[in-house]
Structure formats: structure tokens, C-alpha cells
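# Observations on the model geometry
Single-letter residue listing:
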Amino acid sequence: MSLKAGIVGLPNVGKSTLFNAITKKNILAANYPFATIDPNVGVVTVPDKRLEFLENLYIPERVVPTTYEFTDIAGLVKGASKGEGLGNKFLSHIRETDAIVEVVRCFDNSDIIHVENSVDPIRDIETINIELMLSDMEIIEGRIGRVEKKAITSKNKDDMKELNLLRKIRDGLQQNIPVRRLDLDEDEQMLIKSFALITAKPIIYMANISEEDIVAGGNKYTDMVKGYAEAEGADTVVVCAKIESELSELEESDKAEFLKDLGIKESGLDQLIKATYRLLGLATYFTAGSDECRAWTFKQGMKAPECAGIIHTDFEKGFIKAEVMSFEDLKYLGNEKAVKEAGRLRLEGKDYIMQDGDICHFRFNV
């Protein structure tokens, strides 16, 4: 399963510069609104030292990391949901993503235009979030209009359940409460899944700072963003778009040295990937052999047959057993033979809950 995130933000907050850097794509990044006119999609591989270890151990014909897909949307402005700027149509491009990454300007620079002529990250966040909620409101009200009369007339239990849920969401949006904060149960979430509501998706705030603030790890603006994010149970990643751009031009061997010189532990992309995995409750298992070593993303709590189904639906349908060893055991003992001899290779059945770092071989029969 490829992870997908939609990048949103006001014009000139560094959104497209960050997209260029993390996906190494040279799209137009200009000092004026709406430089990004069409949705840009970039795919990055998720770095994982464990996969590198497996590659060195098995010397496979190919190595396949898991991926993270970013969709960069044209800068939104106040009134976007009603057609202002480039309008509401661009919001449709992020309805199929797993998460929203909202880039927030947290730097002062008189040479870079701000659409509101001042830097105020909370105002900017609320401008974007209100537009996302208004876009969802349009969908919800349209759906209410279609089911309300039918539900009230027929008194059908399922129709009434949907109508009550739609009203609950509408009331929340009217109070500026995004869908993700309404504490919907599993059944309610399934009912609205097909609506692809933007504010139902988890959100990460990416605070873009200047080079001068990178060593300190932030400034007064990022403190504001972190406080706002914490209040709604979201994560914040602090990055410098300019430094990310410079990092994207370096070879892997030079990146670590560059980060060390700056006093930074990890790149903004690595921080974002970790934050997204944490937010979405994701983990990684591996398949390994001389033909291929591969990383697979799964949702924590998934059982072995479901994880097998990520590879191929036949694997889930005909699941028999899973041969499982942990990455830590393999790394400590040195090779697969030693893991077997130590009794650390396990046969797991249909109720086994997959763990991060499991290395699996699935037995199945179709």
C-alpha cells in the first residue's frame, strides 16, 4: 500500500519549494500566487536502514522499498471553496489521499510576498482549514438534500442513521469542528468513507522556517503552530524549505555530513515520514530472499492474512501459515540459518497480529 498525502497551504508559504525538494521534481516555484496550476504528483521512497541490511545480507536481484506519494495543490486563498483564486476544483485532488500536510509560513522575509501582507501562522492555518471545512460542508449539505425526504418518509432505519450522522457532521462543521475531531465510531466512519471528506483525514502541520532559525529548531511562530496542533491532536514538523532544497541536490553519503554541520538530526522528509506513520498507525514488514527484498506498509493491528493480501489477494484467500522472524533476531544472529537453529523462526496462523519489522514468507493454497 502506497502512502498518499496532499500538500496544502496559502500561496508563497514554501509549499512548492518543499515539494520540489522532497520529491526532487523541478516544478515551477515562483514568488507569486498560483504558480502551481495543476496538481503535481511526486513519489519518494521511504528510507529504511533495515531494508539496506537485508540487501547486504541476501544480495537480491532487486530491492523494492515502500513509497510515499505527494500531491501538491495550487495555493489556496480565502474564498477558495466558493471559487476564489483558482477555486474549489483543486480541492478534489486531495480527497483520495490518506493525510493532509499543511505548510505554514513561519519566517519573516519582506522580499517574499504574503497574500495577507503579514506573517500570522494561526490566521493562515484557520484560513485554510475553514476553506477545507466549507468544501466538505458543500458535500454534506448536498447529501442531506438527497436523503432527508426519503429517510423521513420511509422511516428506514439505515436511511435515518445516515441522516442523523450527516446532521451531526453538518453541525460540527458549522461550529468550525473538522470531521476528524467528531470522534466518529467505526460504523460511522464506514458510512461516510465514500464521501472522501477532506477534514476527516488526519493532518500534519509543516512549519517552514528560515535558515537562521534551523539550529534553534524553531521560533515564536513555530511555537504558535505547535500549540495549535497539540490542541487538536495533530503533529507538527519544523523544516526549512531552502535547506531541504540543498539536501535534495546532495548524494546520500554527503547528506549526513551536511545535516551534522547544521546540527540537525534528520531531514524534514524523514521527520514527515515518521510523523505520518505515527499519525496513521502504520508499520512495515518485509519479504526477503535472493530474488527480492521488499518493504510493505501495513496498518498496525492487521492480522497475517490481511498483510499477505497486501502482496496479492490470492495470498489472503488461500492463507495457510506465515513463516515469521523478527528483524532484530536476524540482525543479532547474523543470518536466516542461525535464526532457525536458535528456534526463533516461527509458524504463525490466521490470528497472528503482524508486528513492525517482521520478515515473512507466506504459505498459501488457491
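You'll find the structure just up there.
Overview of the structure. (Residues numbered from 1 in each chain as written. Predicted model: local features only at pLDDT ≥ 70, side-chain atom pairs only at ≥ 80, totals over all residues. Heavy atoms only, no water.)

## Remarks on the pattern of salt bridges
Note the threshold: When a carboxyl oxygen of Asp or Glu lies within 4 Å of a side-chain nitrogen of Lys or Arg, that pair is called a salt bridge. By definition, any uninterrupted DSSP run of H or I lasting at least four residues is a helix, any uninterrupted run of E lasting at least two residues is a strand, and each is numbered from the N terminus. Only protein chains enter the area calculation, which uses a 1.4 Å probe; residues under 20% of their type maximum are buried, those over 50% are exposed, and those in between are partly exposed.
In total, this model carries 21 salt bridges according to the counting rule given. Between Glu188 and Lys168 there is a salt bridge, and its shortest N-O distance comes to 3.6 Å. Here Glu188, found in helix H5 (residues 186-192), pairs with Lys168, found in helix H4 (residues 157-174); they are 20 residues apart in sequence, far enough to count as distant. Residue Asp235 is joined to Arg278 by a salt bridge in which the shortest nitrogen-to-oxygen separation is 3.0 Å. Residue Asp235 is located in strand E7 (residues 235-239), and its partner Arg278 is located in helix H9 (residues 268-280); the two are separated by 43 residues in the primary sequence. Under the relative-accessibility criterion, Arg278 is labelled exposed at 56%. Through salt bridges with shared partners, a single network forms among Asp48, Arg50 and Asp356.

## Quick look at the side chain of Glu292
Applicable threshold: Contacts described as polar in this section are N or O atom pairs within 3.5 Å, which, within protein, must combine one atom able to donate a hydrogen with one able to accept it, while residues neighboring in sequence count only if both atoms come from side chains. The criterion used for residue contact is that any of the two residues' heavy atoms lie within 4.5 Å.
Along the chain, the position of Glu292 falls in strand E9 (residues 292-299). By relative accessible area, Glu292 is classed as buried at 15%. Here Arg62 takes part through its side chain, which lies 2.9 Å from a polar atom of the side chain of Glu292. Residues within four places of Glu292 in sequence aside, it is in contact with Pro60, Arg62, Val64 and Thr287.

## Quick word on the side chain of Thr222
Here Thr222 lies in helix H6 (residues 220-231). The class for Thr222 is buried, based on a relative accessible area of 0%. Non-local contacts of Thr222, meaning those with residues more than four positions away in its chain, are made with Cys106, Ala207, Ile209 and Val238.

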